[in-house]
Amino acid sequence: MRRLLLITSVLLLATNAFAVAPQFWRIRSADEFLQGEITGFAVTSRGELRPAPAVRKLATFTDPFVLSQTSAPNGDRFFGTGNEGKIYRLRGTDLKVLFTAPEPEIYAVEFRGDSLYVASSPSGKIYRVNPESGAQTVFFDPKSAYIWDLEFLPNGDLAVATGVDGKLFRVTPQGEGKVVFDSTETHIRSVAARKDTILAGGSGQGRIYEVAASGSSHALYDSALNEISSIYVDANGIGWAAGVTNVLPSSAPAKAAAAKSTAQQGSGSSTQAGGEQKSAEASTGVEVSFSFDDGSSASSVSQAGTAELYRIDTDGFVEPVQKFEREMIYAVSGSANGGVLVSTGPTGRIYEYRNNEFSLVGSVPEKQIVSISNGVVTTTNSGAVYQIEQRPSTTAEFRSSAKDVERFSRFGNYRIEGRNLATGTVAISFRSGNTSTPDETWSAWTQPQTALDGNIGAPAGRYLQWKLTAPKPGTDLSVDNVTLAYVNRNVAPTIDAVTVQDPAVVFISSAYPAAPQVVEATNPDEYGIFSSLDTPRDRSQDPGKRMFRKGFRTLTWRARDENGDELRYSVFFRAKGTDRWLRLRENIEENQINFDTSQLPDGRYELRLVASDAEANPDLPLTSVKEGVEFLVDNTSPKVAVSNDGNNVVVRITDDLSPVGRVEYSADAEKWVRMTPDDGLADSGAETFHLEKKDVDGKFIIVRAVDSFYNVATENVGPR
């Protein structure tokens, strides 16, 4: 509580131009942390920001896509790329081109025995490549448009996932293959071995299948998404699969890839390991896709999609464990500590699922991580390889999204909460501006502060951003909550509309007592000489029930305050043509009043409405004023004059202030009969009516005239 009071007290020292009510920006959930830019920090599903494992770049490629990877027992790593169908070998820090396929894309590579197996697309083959010389032979030709995945089975056979006819092949070590599963999917997109069966993921219908050695198969799960992009089986036999929204080709490429004259071996162009490429052949700005324009180049995919991670139990039960609303899962693999790693795009993130907790553990700037194996990830845009290490990152940084505080504001104190935090373990800095995207117009970052609470120190503005680093990273510390206080600059209320209702109209809320009290005016009260039907009412947009009370006028209005301050209203009046405003009501919360005008002389009056935010800003309240709203007071009955004109009785009705609204007559106390004026329309302050003498003679005739203010006059009409 002491710290919260400290935050508030600092805000109270702000200049009077800023409202005294503080507001707080809090980041404390996983979703809120994930909206920021994260390097070297992990975000747990519990909403903790923790130091993440270091992610070290191993190599940079001239190729835009590093699509696949595998490793040899001696530690060599092999990478398949696009768009030139190259296979690279990384030995220590030495990266070289080992083999170039005639086809442009290498979606799958596997190592077995003393050979590397390379699957090329489109309309490609599986090559067996010598890992030292790069010499190659064709191992198997499935005669399929695409080869998406390879997996060696326990007996040495090779499972081959293909499209566009959705077939799964099983190939013996001698290169003899047969179809073991001919699915209704467009593609078999992913495979994984589990004991004596194969788990296969389809694209088109998005199903997970289990295929036995005998070739019998059945579907384990029908995903709501249309593709199973990756399958991994852990040491306990539990399967993990990624479902995504993706569109793969539904037919073979219209044009075959231009064949290269010979497969390049061993001596292709090399690249730099652990550094940036400077080759003139470098290709940038291309995104990964599994569709082709002409059989030789990849085209763009959506920047974001929907994805789900599924757990496949040993008994075949499948359940979703995590959903991604704006990311695509490209690969699933195991982590060093027994968890499951998931790589995604378009934000280049690596997640870990372990002990029923999902955490963001790393990210890379290339934004698309398309393969992951043994803690090594490969990317596109542009191609690179990274190693996830066991030590914590020494360059951890979390940069929040830019917060729109909705209007020019002064910033107060910050507070960092978590576990095992002490002065110096984390440092925070701030910057502010008035554009939605941080740019050169923003302030510079403040000096990093290592205290867990203190003053933000950024200039006043509409947008705020903060950056957190870990000068003393430790695996046991976590940041659970970051709170920043700010106060909006006070702005005056806005009066959108003021309306004087028709004469005698009043609005009564549901809080008002039931009849007959509703039609009774209250006694004059402390507000002045005017009686009112006002009662405490709810402050909804509903003005209340529409009723009528002679002599009353009702004023309604709409007003708002951009700061969200509670508004109070005062209403004044004056006779038109005079200078002095007189009080009608003061300091009310409702957005309407009704009052009895019978206390006023007839004539034309003006109203003045004042909206004030003084309740929230007592030191320097701001107001908005609306004047010039006129209303008429008419408490005088019309005049009725009766005369004879031959065989007619002439009735003349005059009213000095308002139109004659309705004229009726009653003969011998029977029902009232509406009279029509000579000009056909009762719409002025002087109207003439006629009655035939034969309808009047010998009868008791009463004429009643009512003006638009419900003032009534009656007159006996007899023989004249």
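Just so it is clear, the structure is predicted and the values come from calculations on it, not from any experiment. (Residues numbered from 1 in each chain as written. Predicted model: local features only at pLDDT ≥ 70, side-chain atom pairs only at ≥ 80, totals over all residues. Heavy atoms only, no water.)

S.K.: So what's going on with the sheet that holds strand β13 (residues 136-140)? Residues and values would help.
M.R.: One open sheet holds the 4 strands; their spatial order is β10-β11-β12-β13, and the pairing between them is antiparallel. The sheet terminates laterally at β10 (105-112) and β13, the two strands that pair on one side only. Along the sheet, successive strands turn relative to each other by an average axial angle of 30 degrees, direction set aside. (Pairing = 2+ DSSP bridges. Helix = DSSP H or I, 4+ residues; strand = E, 2+ residues; numbered from the N terminus. Axes fitted to C-alpha atoms, helices over the stretch in contact; angles between N-to-C directions.)

S.K.: So what's going on with the environment of aspartate 561? Which residues, and what values?
M.R.: Mapped onto the fold, aspartate 561 is located in the loop between β44 (552-560) and β45 (568-575). For aspartate 561, a relative accessible area of 11% corresponds to the buried category. Taking the C-alpha atoms as reference, aspartate 561 lies 9.4 Å from alanine 611; in sequence the two are 50 residues apart. For aspartate 561, the residues in contact, after removing those within four places along its chain, are Val491, Ala492, Pro493, Leu567 and Asp613. (Buried < 20%, exposed > 50% of the residue type's maximum accessible area, 1.4 Å probe, protein only. Contact = heavy atoms within 4.5 Å.)

S.K.: Any chance you could break down the sheet that holds β44 for me, citing the residues and the numbers?
M.R.: Ordered in space as β41-β44-β47, the 3 strands form an open sheet in which the pairing is antiparallel. Since the sheet does not close on itself, it has two edges, and those belong to β41 (494-500) and β47 (592-596), each with one partner. With strand direction ignored, the average angle separating the axes of adjacent strands in the sheet is 15 degrees. Where β41 meets β44, 6 bridges bridge the pair, whose relative direction is antiparallel. Directly across from valine 500, in β44, lies its bridge partner leucine 555.

S.K.: Explain the packing of aromatic side chains residue by residue, including any values.
M.R.: What the rule picks out here adds up to 23 aromatic pairs. On the numbers, 5.1 Å between centres and 45 degrees between planes, the contact of phenylalanine 398 with tryptophan 466 is tilted. In this pair, phenylalanine 398 sits in strand β35 (residues 397-399) while tryptophan 466 sits in strand β39 (residues 461-469), placing the two residues 68 residues apart along the sequence. Overall, the relative accessible area of 0% leaves phenylalanine 398 in the buried class. On the basis of relative accessibility, which here comes to 0%, the residue tryptophan 466 falls in the buried class. Members of the aromatic cluster, joined through ring pairs, are Trp240, Phe324, Tyr351, Tyr353 and Phe358. (Phe/Tyr/Trp six-rings, centres within 6.5 Å; stacked < 30°, edge-to-face > 60°.)

S.K.: Tell me about the pairing of strand β48 (residues 603-612), residues and numbers included.
M.R.: Buried residues dominate β48, accounting for 8 of its 10 residues. As paired strands, β45 and β48 are joined by 8 bridges and run antiparallel to one another. Bridging across to β48, arginine 574 finds its partner in glutamate 606. Where β48 meets strand β49 (residues 623-633), 9 bridges bridge the pair, whose relative direction is antiparallel. Across the sheet, arginine 604 pairs through a bridge with leucine 632, a residue of β49.

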